[in-house]
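# Fold and contact review
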Amino acid sequence: GKLGLRNRSCMMRVCVVGLGAMGGGMARSLLKSPDIEQVTGFDLSRQLVDTFYNDAKAVNKAPSSLPEKLELANYVDGTTDVVVIVLVNERQCESVCFGDGENLTTLLRDGACVV
């Protein structure tokens with residue numbers, strides 16, 4: 001609020017899935033929010049993930065370490081509050097949400113939000 005005091009329980013952890021031109025821009029905008037504690041970015045491009053991680057780390061909103069493997073389960077877990085999906089097509093979105101193996105339905109806690 002106006003006194004600079006924030007209730008820590010309101011701080012959100014967000015993961016943006018898809019760090020291309022649109023998703024990368026959205027993820028970087030989230031880094032500016034005082035209500036966001038952590039922003040992770042997931043993509044199949046190691047270069048995009050590494051670059052975003054460094055941007056998030058520079059403003060103290062990155063996880064403590066960057067996972068070696070580019071697997072959704074390394075970026076989304078039970079502590080994630082919101083997942084923002086910014087992918088190219090329906091097939092990619094369906095795979096992330098409901099695909100074989102670990103997907104958003106198996107990784108997210110009850111009450112988490114998918115946009």
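The notes below deal with the structure included here. Because the structure is predicted, anything quoted here is derived from the model rather than measured.

Turning our attention to the overall build of the protein chain. Of the regular secondary structure elements, the protein chain holds four helices and four strands. Listing each helix as α and each strand as β along the protein chain from the N terminus yields β-α-β-α-β-α-α-β. Scaling as 2.2 N^0.38, a compact globule of 115 residues should have a C-alpha radius of gyration of about 13 Å, and the protein chain matches this with 14 Å. Long-range contacts, defined here as pairs at least 24 residues apart, represent 64% of the contacts in the protein chain between residues at least 6 apart.

Quick look at the sheet that holds strand E2 (residues 36-42) now. The four strands are arranged E2-E1-E3-E4 in an open sheet whose pairing can be described as parallel. Either end of the sheet is taken by a strand with one partner, and the two such strands are E2 and strand E4 (113-114). Two elements, strand E3 (residues 82-85) and E4, share two bridges in a ladder whose sense is parallel. When the sheet's bridge partners are listed, Val-83 is paired in E4 with Val-114.

A water-sized probe rolled over the atoms picks out the places where empty space is left. The calculated volume of the largest pocket comes to roughly 440 Å³. Every residue lining the largest pocket is counted, 21 residues in all, and those nearest its centre are Phe-42, Leu-44, Leu-87, Gln-92 and Val-96. Of all the secondary structure elements, the ones that give two or more residues to the lining of the largest pocket are helix H1 (21-30) and helix H3 (90-98). Looking at the lining of the largest pocket, the element that brings in the most residues is H3, giving four residues. Its residues assigned to classes, the lining of the largest pocket comprises 10 nonpolar, seven polar and four charged.

This brings us to the pattern of salt bridges. One pass over the structure, following the stated rule, counts four salt bridges. With a closest N to O distance of 3.2 Å, Arg-46 and Asp-50 form a salt bridge. On the criterion of helical spacing, the pair formed by Arg-46 and Asp-50 is a turn pair, its members being four residues apart in helix H2 (residues 46-58). For Arg-46, a relative accessible area of 27% corresponds to the partly exposed category. In this structure, the salt-bridge partner of Asp-81 is Arg-109, at a minimum N-O distance of 2.4 Å. Placement of the pair is Asp-81 in the loop between H2 and E3 and Arg-109 in the loop between helix H4 (104-107) and E4, with a sequence separation of 28 residues.

Rules and cut-offs
Numbering of residues starts from 1 in each chain and follows the order in which that chain's sequence is written. Per-residue local features of the predicted model are confined to residues with pLDDT of at least 70, and side-chain atom pairs are confined, for both listing and counting, to 80 or more; whole-chain, interface and lining totals are unaffected and use all residues. Only hydrogens and water are set aside when side-chain values are computed; all heavy atoms of the structure are taken into account. What counts as a helix is a DSSP run of H or I of at least four residues, what counts as a strand is a run of E of at least two, and both are numbered from the N terminus. The atom set for the radius of gyration is the C-alpha atoms, and the globule formula is 2.2 Å times the number of residues raised to the power 0.38. Contacts are assigned to residue pairs that have any heavy atoms within 4.5 Å of one another. Pairing between two strands requires that DSSP report at least two bridges joining them. Whether a set of points on the 1 Å grid over the protein atoms alone is a cavity depends on a 1.4 Å probe fitting there but being unable to get out, while an open set qualifies as a pocket with protein on both sides within 12 Å along at least five of seven lines; lining residues are those with an atom within 4 Å of a point. Grid points are joined across faces, edges and corners, and a volume is the space filled by probe spheres set on the points. Classes in brief: Ala, Val, Leu, Ile, Met, Phe, Trp, Tyr, Cys and Pro nonpolar; Asp, Glu, Lys and Arg charged; the others, Gly included, polar. By convention in these notes, a salt bridge is any Lys or Arg side-chain nitrogen within 4 Å of a carboxyl oxygen on Asp or Glu. The buried label applies to any residue whose accessible area, calculated with a 1.4 Å probe on protein chains only, is under 20% of its type's maximum; exposed applies above 50%, and partly exposed to all values in between.

Treat this as a map of the structure, not an account of what it does.
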